[in-house]
Amino acid sequence: MFTLSGAGSRPPVWPLAAPYTRADVVVYGGGLAGCAAAWKAAVAAPGRTVALVVPYPEREYGGLATVGGQNFWDVRYWSRDGRLVQGGSFAHWFDAVGPFYRPDDLAAQIAADLGRLPNLKTYWAMDITAVRKDGRGRLKEMSLRGLERDAGGTVVWGEERLVLAAAVFIDASEDGRLSRLGRAGITVGRQDWPEEFLAADFVHFKDRAGGPDDDYVPVLRPRQQASTLMFKVRGVRPGQYGDMVFRRERGTWGAYGGREVYINDPVVTGFNDEYGPRGFALKPLNAVQDGQGSPEWWVNALLIFNVDGRANGRDLRSDTCPRDMAPGALDTDTAWQRAREMLVNPDFIQALRRFDGFHNAELVLDEEGRPVTGGMLYLRETVHTVVDPRLAGPGTEDGNYALTTTATHLAGPGPADGHDLGNYVNRIGLGFYWQDINAYHFEDLKGEDGRYRWPVTPFLRPDYPHTAPGPEGWPRNPVYIPFNTLFSRPVPNLLIPGYAAGISSLAWAELRVLPNQCVLGDAAGVAAAYAVEMGRDPGTFTAADVAAVRDILVQRFGARVEK
């Protein structure tokens, strides 16, 4: 049977003449979670075939971390032992390229790692148009179609077609497309937050039940975290400044800061006052040199509001386009184009130059005079898989997700205490960072006094007031990640290490960073290999099966599962 989610005008069409191929494991997603999953699945089950589907036009592994220009690892060392808690693929890639890196170098490293595996095949520049399931809810096949860029750079459908079947599927994507089309049971953005913090996300629609003309019904259209588009500049001058930290690692410079300029500089606040209501704002920035000695830097500074990461331009008016987008929400292609237009706005570069070390910054332009940017948006949040779809909604962040808000925020120092102690028996890795939210609405950036504020997490969630990044910021300890974070009850042969993992929205604010995504990807890859070798669906695993997966992760791949 077909399964599609949406309300478009074009019916699903299964390609009757498309080539058909089968693998034991199919991994959907070319980012780090997908690359880690494919790598570990292929190594753990060398006699089985693994297919990796890369759903963007560039023929380069790594997704956001390479094609997207996000060339630094968001890491947090645990104060108790001074170590990083993530092992496996992350530790390997981190050691290979360092904390600040040239995206091409990381892409080359991943290509070398995956290229050694004869049982792994990559399907470049293809995306899902439909899926088929059996009567038990298991995924059977996915219909794929090629991708390309048009003259303006927008991703559009190509002509290539393929039907890909497998025993086990892995959704390691940022948009959660496989989970959504496969009806894994998901919520959107911060839909699970307590209702008292969601007032800005309610939209009032006219009552169609025959009420008075002025009778409107509130409907929740939950926002996803603001997105970003990475872009390149030159003219950065590292140095010692009061409001910007420059640090050199392995010969490559990185920078972060700018909070005081963001809050108090009249040019920056003027820019945000002008363009914030239009959906764009400058935030305190992160930036990294494009490799040792390069005059060019990748910059993370431009927030883009009301982007629906589930939607893209090629799906508009089709049944794969989500039907519950917030009013005025942008699909990812439109947002990408508009952000590129904002970068060449003279007001933008003037505001960027107010930050220390960036006073002489200039945009790097391509041969056609357009800004050099990431090939995709930096999406921070899209969807989350729930335990029980019938219970989805506000106030469920601590009851309807495998990894809850409280478990991450109040994780303990070991297996004997903390709100994550229940995860210990089925743990498959550790996750650690701050609960770092980059706003949902432009209005989140301002306090009641009208002044800008940063970070915003303690203001958006006053019930968690100590979340500001820093040595004393919460969470204090890494969290045990349970295996059931990776699976969907309605789809027993689907593993989900991508953005759609079974993690509450506020917990995802910690788990969303690249090192944690590698941990999830490693676990999904090993679990998929174990499943096909045992002839089992991951959704049927017992505690003994999870223990076997964990042993493989630790003994063969260097995962860290103990605090």
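About the thresholds
Residues numbered from 1 in each chain as written. Predicted model: local features only at pLDDT ≥ 70, side-chain atom pairs only at ≥ 80, totals over all residues. Heavy atoms only, no water. Helix = DSSP H or I, 4+ residues; strand = E, 2+ residues; numbered from the N terminus. Rg over C-alpha atoms; globule rule 2.2 N^0.38 Å. Buried < 20%, exposed > 50% of the residue type's maximum accessible area, 1.4 Å probe, protein only. Areas by Shrake-Rupley, 256 points an atom, 1.4 Å probe, with all protein chains shown as cover. Lys, Arg positive; Asp, Glu negative; His and termini not counted. Charge placed at Lys NZ, Arg CZ, Asp CG, Glu CD. Pairing = 2+ DSSP bridges. Contact = heavy atoms within 4.5 Å. Axes fitted to C-alpha atoms, helices over the stretch in contact; angles between N-to-C directions. Parallel < 35°, antiparallel > 145°, perpendicular 65-115°, else oblique. Left-handed = near helix turned anticlockwise from the far one by under 90°. Salt bridge = Lys/Arg side-chain N within 4 Å of Asp/Glu carboxyl O. Polar contact = N/O pair within 3.5 Å; in protein donor to acceptor, adjacent residues only side chain to side chain. Phe/Tyr/Trp six-rings, centres within 6.5 Å; stacked < 30°, edge-to-face > 60°. Lys NZ or Arg CZ within 6 Å of the ring centre and 35° of its normal. pLDDT = per-residue confidence, 0-100. Core = buried A, V, L, I, M, F, W, Y, C linked by side-chain atoms within 4.5 Å. Expected span 1.5 Å × (residues − 1).

Could you give an account of the overall build of the protein, naming the residues involved and the relevant values?
The helix and strand tally for the protein stands at 13 helices and 23 strands. For the protein, whose C-alpha radius of gyration is 22 Å, the value lies close to the compact-globule estimate of 24 Å for 563 residues. Its C-alpha atoms give the protein principal-axis dimensions of about 65 × 65 × 55 Å. Within the protein, the fraction of its 563 residues that count as buried is 64%. Roughly 20,800 Å² of accessible area belongs to the protein as shown, and the carbon and sulfur atoms make up 49% of that amount. Taking the average location of the 60 positive side-chain charges in the protein and that of its 68 negative ones, the two points are 4 Å from each other.

Please set out unusual backbone geometry residue by residue, giving values where relevant.
Keep in mind that most residues, glycine aside, have a negative phi and that most peptide bonds are trans. Cis peptide bonds are those with omega within 30 degrees of zero, and the linkage from Trp454 to Pro455 qualifies with 0°. With respect to the element layout, Pro455 can be found in the loop between strand S21 (427-431) and helix H10 (457-460). The peptide bond linking Trp474 to Pro475 adopts the cis configuration, its omega dihedral lying at 0°. Along the chain, Pro475 falls in the loop between H10 and strand S22 (479-482).

Could you give an account of the sheet that holds strand S23 (residues 494-495), with specific residues and numbers?
Hydrogen bonding along the main chain pairs the strands of a sheet, whether they run parallel or antiparallel. Taken together, the five strands give an open sheet; going across it, the order is S5-S4-S3-S9-S23, and neighbouring strands pair in parallel fashion. Each edge of the sheet is formed by a strand with only one pairing partner; in this case those strands are strand S5 (120-123) and S23. Against the sheet, helix H12 (residues 514-534) engages strand S3 (25-28), strand S9 (168-171) and S23, with an angle of about 170° to S9.

Explain the packing of helix H1 (residues 32-44) against helix H3 (residues 103-115) to me, using residue names and the numbers behind them.
Following both chains from N to C, one finds H1 and H3 inclined at 20°, their axes separated by 10 Å at the closest point. As summarised for this structure, H1 and H3 are arranged roughly parallel, according to the angle between their axes. For the crossing formed where H1 meets H3, the hand is left-handed. Judged by residue contacts, Leu32, Cys35 and Trp39 of H1 engage Leu106, Ile110, Asp113 and Leu114 from H3.

Let's hear about the pairing of strand S7 (residues 139-149): which residues, and what values?
Most of S7 is tucked away, with eight of its eleven residues classed as buried. Summarising the sheet, S7 and strand S8 (residues 155-165) pair through eight bridges and their orientation is antiparallel. Residue pairing in the sheet places Leu147 in a bridge with Trp157 of S8. Connecting S7 to the next strand, S8, in antiparallel fashion are five residues, including Gly153 with a positive phi near 95°.

Account for the side chain of Arg145, with residues named and values stated.
Mapping Arg145 onto the fold places it in strand S7. Buried charge Arg145 goes without a salt bridge, the closest partner of opposite sign being Glu159 at 4.3 Å. A distance of 2.7 Å separates the side chain of Arg145 from the backbone oxygen of Gly158, its partner in a polar contact.

Can you explain the pairing of strand S15 (residues 244-249)? Please cite residues and give values.
Inspection of the sheet shows S15 paired to strand S16 (residues 252-257) by six bridges, in the antiparallel sense. Within the sheet, the bridge partner assigned to Phe246 lies in S16 and is Ala255. Where S15 hands over to S16, the hairpin turn is made up of two residues, of which Arg250 adopts a positive phi near 55°.

Could you give an account of the pattern of salt bridges, with specific residues and numbers?
In this structure the tally under the stated criterion is 35 salt bridges. Between Asp105 and Arg102 there is a salt bridge whose closest N-O contact spans 2.9 Å. With a shortest N-O distance of 2.9 Å, Lys232 and Glu296 are connected by a salt bridge. You can see Lys232 sitting in strand S14 (residues 231-234) and its partner Glu296 sitting in strand S18 (residues 296-304), a full 64 residues away along the chain. The exposure classification of Lys232 matches that of Glu296, with both residues buried. Each of Asp127, Arg177, Arg314 and Asp315 takes part in salt bridges that share partners, so that together they form one network.

Tell me what's going on with the packing of aromatic side chains, and back it up with residues and numbers.
What the rule picks out here adds up to 23 aromatic pairs. Here the basic side chain of Arg190 rests over the ring of Trp193, its NZ or CZ set 4.9 Å away from the ring centre. Seen from the ring of Tyr480, Lys563 lies directly overhead, with NZ or CZ sitting 4.1 Å from the centre.

Any details on the confidence of the model for the protein? Residues and values, ideally.
For the protein, mean pLDDT is 94; residues scoring 70 or higher make up 96% of the total. The low-confidence segment residues 1-11 (pLDDT under 50) makes 42 contacts with residues lying over four places distant or belonging to another chain.

Can you tell me about the nonpolar core, naming the residues and giving the values?
Formed by 111 residues in total, the largest nonpolar core has its most connected members in Trp73, Trp93, Val233, Leu352 and Phe358. Once you skip the residues sitting within four places of it in the chain, Val233 turns out to touch Pro295, Glu296, Trp297, Val299, Leu352, Phe358, Ala361, Glu362, Leu363 and Val364. Val53, Ala166, Val188 and Leu494 belong to the second-largest nonpolar core, a separate cluster that totals 25 residues.

Before we move on, could you go through the side chain of Asp545 and cite the residues and values that matter?
Looking at the secondary structure, you find Asp545 in helix H13 (residues 543-557). Separated by 2.7 Å, the side chains of Asp545 and Tyr530 make a polar contact. Within the local environment of Asp545, its side chain forms a polar contact with the backbone nitrogen of Thr542, the two atoms lying 2.9 Å apart. Excluding its chain neighbours within four sequence positions, the residues that come into contact with Asp545 are Tyr530, Arg536 and Thr540.

Describe helix H2 (residues 88-97), and please don't skip the residues or the numbers.
Those residues of H2 lying buried are Gly88, Ser89, Phe90, Trp93, Phe94 and Val97. Residues of H2 that are buried sit in contact with H1, H3, H12 and H13.

Got a sec to walk through helix H7 (residues 332-343)? Specific residues and values, please.
Here H7 is twelve residues long and its end C-alpha atoms lie 16 Å apart, about the 16 Å a rise of 1.5 Å per residue gives. The buried fraction of H7 is high, at nine of twelve residues. Here H7 has its buried residues at Thr332, Asp333, Ala335, Trp336, Gln337, Ala339, Arg340, Met342 and Leu343. Structurally, the start of H7 carries an N-cap: the backbone nitrogen of Asp333 is 3.0 Å from a side-chain oxygen of Asp331.

I'd love a proper account of the environment of Val491, names of residues and values included.
Mapped onto the elements, Val491 comes out in the loop between S22 and S23. Here Val491 falls in the buried class, since its relative accessible area comes to 0%. When the C-alpha atoms of Val491 and Leu139 are compared, they prove to be 6.9 Å apart, with 352 residues separating the residues in sequence. Among residues more than four places away in sequence, those in contact with Val491 are Lys133, Gly137, Leu139, Gly182, Arg183 and Ala184.

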